[in-house]
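Coordinates in review
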Amino acid sequence: MTTPLMALDGLGKSYGSTRALRDVSLQIMAGRTHGLVGENGAGKSTLVKILSGAVLPDTGAIEFNGSAVAFASPTAAREAGVSTVFQELSSIPDMTLSENMQLQAPGRWRFGRRAREASARATAALWGVDVIPVDRPLGEMSLRDQQIAEILCAVARPARLLVLDEPTSALLPADVDWLHRLVQRFIDVNDGAVLFISHMFDEIERFCDTVHVQRNGVVVDTVGRDDFDRPRVIEQMIGRSLESAYPTRVAPPDAVERMLQVTDLSTRDGLHGVSFSLAAGEVVGIAGLDGQGQHQLFDALSGCGAVTEGGVHLRDTALRLSDPRHVLRPRRGAGVALVPAERKTRGAVLDWTVRKNTSMSVLRRVSRHGVIRDGAEDTLVRKLLDGVQVDPAKIDDPVSSLSGGNQQKVVFAKAIATDADVLLLFDATRGVDVGTKHEIYRLIADYASRGRAVLMYSTEIPELVNVCHRILVCYDGAIVAELVGEDISEHTVMAAAVGVGR
Amino acid sequence: MTTRLIHLAGNSLTVPAAFVLTLLVVYVAWAPAVVTTDLWGFTIVDASLALAFTAAGLAIAVLVGGLDLSCAGVIALTNATVTVLYGPGPTQQILSVLAAVAIGVAAGIVNGSLVHYFGLEPVVVTLATGFVLSGCALLVLPTPRGVTDVEGFSVLDVISSSTLGVPMGLLLLVALVLSWLAFRRSRWGSRLMAVGSDAVAAANSGVPVGTTRILGFAIAGGLYGTAGVVLTSQISGGDTQLGAGYLLAAFAAVVIGGVRLGGGQGSVIGAVLGAVAVTVMVNVVFILGLATYWSTIARGLILVAALLVQALLVMVARRAQSHSTFVLGGVR
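Quantities reported herein were computed from a predicted structural model and do not represent experimental measurements.

1. So, the overall build of chain B
Check the secondary structure of chain B and you find 15 helices and 5 strands. At 21 Å, chain B has a C-alpha radius of gyration in line with the 20 Å of a compact globule built from 332 residues. By its C-alpha atoms, chain B is 75 × 50 × 40 Å across when sized along the principal axes. With 332 residues in all, chain B has 50% of them scored as buried. Within chain B, contacts between residues at least 6 apart in sequence are counted, and of these 78% link residues at least 24 apart.

Quick look at the structure:
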């Protein structure tokens, strides 16, 4: 048997009283792609941080390229030959692709802009990116473009091991093919290996030769591609069996009470003439490829868009779409609440505790004469946390200390707390593990069944197909198809989303 | 043509440059006499020289992600130090100037280290070191006095001199701008911007964040020290009260110069233009013959106007931006 490119032996890491990693042992072979799956909070990100030199392990040993190593800094890991694409984007937002590439690469320093950009173009072309915007700071680009830029930066420098931490969560479905070829090329050119982390089993099956399953900071199983059995892996990930990825759909309501009426909505940034309605008890999905107006629609509905025409009625009240506060609460106990995609920047105040974040939008309900009553707040927050299944012991921990999935649950709890008539979910399950997703689907169904309406957008079409009563498909800033009941399938949604039939 | 205009709108130097030009036009229109005299070099270049160095230093501190309030203290202390140490003989003169720069660099290293190693807020740290330095200045020079007169060659005189009609101050400014251009394109310059833009991302990109931050504060301190030397040369003496005036003026210069106070965006050239703008603004308000309270109000209004134009231009540039995006092909 050949020696592995990297061997991890008994890695452990604790943050305070939390043991993020207990005992991680695995071997990565040159020439292969290794997958790593596990729930949010299983310790995958901690492992990535150790491999990339961002943190040092408390216990255990790493052997890389035949010698024992301990990466004291990201620079050390990089120089040893480990290149990492982090889940949280980590290129410099104010710099262009070529500047970022140059910053990260060890090579000769190019002082001229032209030379630098030419070299960036050449590298990009080599890795299958034909057209790149060279003069724009990455921070102004879409998440997808930032992710591509980050991947390019990672492969631009010499490395033996490429670590990809959920690289596809921001990419389009079509980009996955590109990534697949890039991964293969990396392995061929560098005689290297790739560690690929994803929640998408389709990708894991397609990319990986070997899959490691991690739970609670331990690698519980390692299987070859041919032995990859989804139900069994899910069971290993969450430690119990899950009958189905999606809960049973609750039948849509019979008596249709109109909850939200959107009429001829147009915005300055590309939405034109969108009309639809939501009934009480309904879960309606918005589908569409990246950039077909779903962003603008959700912005407009949450009072943050540049609306030029049209209007939205919540029951009989016309919403003032230029005023997010009015949209959230046009009357007592009613309104439209949003769970945004960027939980880090828009959903939660990361430094605040779980308690403060959850009660933030409903302070009126827990205060008397403008003074917050701690007891009432405590009761409310605990009830909400119980509903979204977040450990109440974490109530006074900062949100930033929670795992990604739990952060998303807190954002969800905050939205549910408003008791709004309409809940808007913008890609609320992105980067969330299977177990948590299942929870969120249950919460959505639950919320709707209490006589509310839910409008959700998701990049994952299967999710929409399995959760929604009705699906509206966006294309070029307008709604081009409405699918109900039997008509809903991945195929029909996709066909409408790519504009087939027009 | 349109794209060129948009590029111009997106450039952070457009506003400070336009601002300086406008003020100069107003200035010359009101007082054409200044153009013909030696006063020209003095009123524009020399009068803004010390502020330009201070603003350049502050810009670097701000770019690396730290609001630096210590500049007033550094200027006061270095002004006092040069005044006391200065004397006959080029060696002593040069040593006193170097001492001033060294004091600034040392103060910057202390600031940067406190910020980085102990995670303290830059504003608080530099406020504190600023106090300490101002106090030290009084220790060194309790009462204002002149620099010891020097027979023959004097370094301080050279700074305020002009050769072939070109003021030395202008050469110093050009040198400052050129150094910045070179630094900005260097590895460390790039790291400086990266840390100010996003420190965590910079660390993940392999940037030594601590060293970079300390370097930034140190360069800033060195430039404040240089400003102290320039000030000493121009007033031929030391007065510990003068440093305080530079703090807010430098902030105004940096802001007008298009440097983002959050860090990571802007340039020293902008800050230098901003310093010139602030100086000319004071002169313009003066020659307009406004009463003191009007001149103070006018200064505030002009500042807000500069910021508004900047914000508008950014909006224009944003809106006009092409939505180019990555196009993927095959990997060979």
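2. Some thoughts on the packing of aromatic side chains
Residues and elements named next belong to chain A. All told, the structure shown has 6 aromatic pairs over all chains when counted by the stated rule. Relative to Phe71, the ring of Phe64 lies with its centre 6.5 Å away and its plane at 80°, an arrangement referred to as edge-to-face. Phe71 gets classed as buried once you look at its relative accessible area, which sits at 3%. Ring centres 4.8 Å apart and planes at 35° place the aromatic pair Phe426 and Tyr457 in the tilted group. In this pair, Phe426 is assigned in strand β20 (residues 422-426) and Tyr457 in strand β21 (residues 453-457), connecting sequence segments 31 residues apart. In this structure, Phe426 and Tyr457 share a single accessibility class: buried. An aromatic cluster is defined as three or more aromatic residues linked by ring pairs; in this entry it consists of Phe298, Phe426 and Tyr457.

3. Some details on unusual backbone geometry
All names here are of chain A. The phi dihedral of Asn65 is positive, around 60°, even though this residue is not glycine. Secondary-structure assignment places Asn65 in the loop between β4 (59-64) and β5 (67-69). The backbone of Arg315 shows a phi angle near 50°, a positive value even though the residue is not glycine. The topology assignment puts Arg315 in the loop between β15 (307-314) and β16 (317-318).

4. Describing the interface of chain A and chain B
Counting from both sides, the interface comprises 46 residues of chain A and, opposite them, 37 residues of chain B. Across the chain A to chain B interface the summed buried area is about 3200 Å²; carbon plus sulfur atoms make up 52%. Our count for the contact surface shared by chain A and chain B stands at 2 salt bridges. A salt bridge links Asp94 of chain A to Arg260 of chain B, with the shortest nitrogen-to-oxygen separation between them at 2.3 Å. At the boundary of chain A and chain B, one finds 9 residue pairs in polar contact (both at pLDDT 80 or more). Listed by contribution, the elements that provide at least two residues to the side of chain A that touches chain B are α2 (74-80), α3 (97-104), α4 (113-126), β7 (129-131), α5 (143-156) and α6 (175-190) of chain A. Within the side of chain A that touches chain B, the residues separate by chemical class into 25 nonpolar, 6 polar and 15 charged. Bridge count for β7 of chain A against strand β5 (residues 327-328) of chain B is 2 bridges, and the pairing is antiparallel. Across the sheet, Val129 of chain A pairs through a bridge with Leu328 of chain B, a residue of β5 of chain B.

5. Some words on the sheet that holds β16 of chain A
All names here are of chain A. One open sheet holds the 4 strands; their spatial order is β13-β12-β15-β16, and the pairing between them is antiparallel. Either end of the sheet is taken by a strand with one partner, and the two such strands are β13 (274-279) and β16. Sheet topology places strand β12 (residues 258-267) next to β13; 5 bridges connect them, and they run antiparallel. Paired with Leu265 across the two strands is Val274, which belongs to β13.

6. Observations regarding the pattern of salt bridges
Residues and elements named next belong to chain A. Tallied over the entire structure, the rule returns 24 salt bridges over all chains. Here Glu205 makes a salt bridge to Arg230, at a shortest N to O gap of 3.0 Å. Residue Glu205 is located in helix α7 (residues 201-207), and its partner Arg230 is located in helix α8 (residues 230-238); the two are separated by 25 residues in the primary sequence. Look at Arg230 and you get partly exposed, because its relative accessible area is 31%. In this structure, the salt-bridge partner of Glu439 is Arg442, at a minimum N-O distance of 2.9 Å. Linking Glu439 with Arg442, this pair stays in helix α15 (residues 434-449), spanning 3 residues, or about one helical turn.

7. Examining helix α2 (residues 14-30) of chain B
Along its 17 residues, α2 of chain B runs 24 Å from first to last C-alpha, staying within 8% of the 24 Å computed at 1.5 Å per residue. The set of residues buried in α2 of chain B consists of Thr14, Val15, Pro16, Phe19, Val20, Leu23, Leu24 and Tyr27 of chain B.

8. Topic: the sheet that holds β20 of chain A
Residue and element names in this part refer to chain A. Pairing is mixed across the open sheet formed by 6 strands, whose spatial order is β17-β20-β21-β14-β22-β23. Single-partner strands in this sheet number two, and they are β17 (336-339) and β23 (478-484). Going from strand to strand, the sheet's axes swing by 20° on average, the running direction of each strand aside. Helix α14 (residues 404-417) contacts β17 and β20 of the sheet and is inclined by roughly 175° relative to β17. Strand contacts of α15: β14 (283-287), β20 and β21, with the helix running at about 145° to β21, the strand carrying the most contacts.

Cut-offs and rules
- Residues numbered from 1 in each chain as written.
- Chains lettered and ligands numbered in written order.
- Predicted model: local features only at pLDDT ≥ 70, side-chain atom pairs only at ≥ 80, totals over all residues.
- Heavy atoms only, no water.
- Helix = DSSP H or I, 4+ residues; strand = E, 2+ residues; numbered from the N terminus.
- Rg over C-alpha atoms; globule rule 2.2 N^0.38 Å.
- Buried < 20%, exposed > 50% of the residue type's maximum accessible area, 1.4 Å probe, protein only.
- Contact = heavy atoms within 4.5 Å.
- Phe/Tyr/Trp six-rings, centres within 6.5 Å; stacked < 30°, edge-to-face > 60°.
- Buried area = accessible area lost by both parts, 1.4 Å probe.
- Salt bridge = Lys/Arg side-chain N within 4 Å of Asp/Glu carboxyl O.
- Polar contact = N/O pair within 3.5 Å; in protein donor to acceptor, adjacent residues only side chain to side chain.
- Nonpolar A, V, L, I, M, F, W, Y, C, P; charged D, E, K, R; others polar.
- Pairing = 2+ DSSP bridges.
- Expected span 1.5 Å × (residues − 1).
- Axes fitted to C-alpha atoms, helices over the stretch in contact; angles between N-to-C directions.

So, to be careful, I would describe these as geometric facts and stop short of saying anything about function.
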